[in-house]
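Working through the structure, step by step
Chain by chain, the residues:
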Amino acid sequence: MLTISRELVDRIIAHARADHPDEACGVIAGPVGSDSPERFVAMENAERSPTFYRFDSLEQLRVWREMDDRDEEPVVIYHSHTATEAYPSRTDISYASEPNAHYVLVSTREELGEKAEFRSYRIVDGVVSEEEVKITSG
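Residues numbered from 1 in each chain as written. Predicted model: local features only at pLDDT ≥ 70, side-chain atom pairs only at ≥ 80, totals over all residues. Heavy atoms only, no water.

So, on to unusual backbone geometry. Only a minority of non-glycine residues have a phi that is not negative, and only a minority of peptide bonds are not trans. Across the junction of His20 and Pro21, the peptide omega takes the value 20 degrees, indicating a cis bond. Along the chain, Pro21 turns up in the loop between helix 1 (6–19) and strand 2 (25–31). In this structure, Asp71 is a non-glycine residue whose phi angle is positive, near 55 degrees. For Asp71, the location among the structural elements is in the loop between helix 2 (57–69) and strand 4 (72–81). You can call Asp71 exposed: its relative accessible area is 57%. Located in the positive-phi region is Asp125, a residue other than glycine, with phi close to 50 degrees. (Helix = DSSP H or I, 4+ residues; strand = E, 2+ residues; numbered from the N terminus. Buried < 20%, exposed > 50% of the residue type's maximum accessible area, 1.4 Å probe, protein only.)

For strand 6 (residues 117–124), the buried fraction is high: six of the eight residues fall into the buried class. The pairing of strand 5 (residues 102–107) with strand 6 spans five bridges and is classified as antiparallel. From the neighbouring strand, Val104 faces strand 6, where its bridge partner is Ser120. Direction of pairing for strand 6 relative to strand 7 (residues 127–131): antiparallel, over a ladder of five bridges. Each residue of the ladder has a partner; that of Tyr121, found in strand 7, is Glu130. Connecting strand 6 to the next strand, strand 7, in antiparallel fashion are two residues, including Asp125 with a positive phi near 50 degrees. (Pairing = 2+ DSSP bridges.)

Written out as structure tokens, the structure reads:
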């Protein structure tokens, strides 16, 4: 189960809306081993695409080094889908390389209107398992 604050959920959704119609992406870091998402890091979609995302390799290296320096790890890796449901694509699954991370997908597809679909998954060795999301007020 992913336990995440309302503030972080709102920031992910705001980033997804801001980058629409392109996919948005980023990380929420937390202390190593804590499974606690704390520090929001919006990243740039190097593809600038409505159907695909990829972290810029230099930005990713910088962010991962920063996490190492702060004794953090990527607790949440998120991105948006702009025209489809919030479910990992085959490409998303193939790029999932952090077995301990929660992979959050937000859909900002048109038929949702002002709402956003927010779902979380574990992706390990190509196997996708949806998990419950508990949103806290803190």
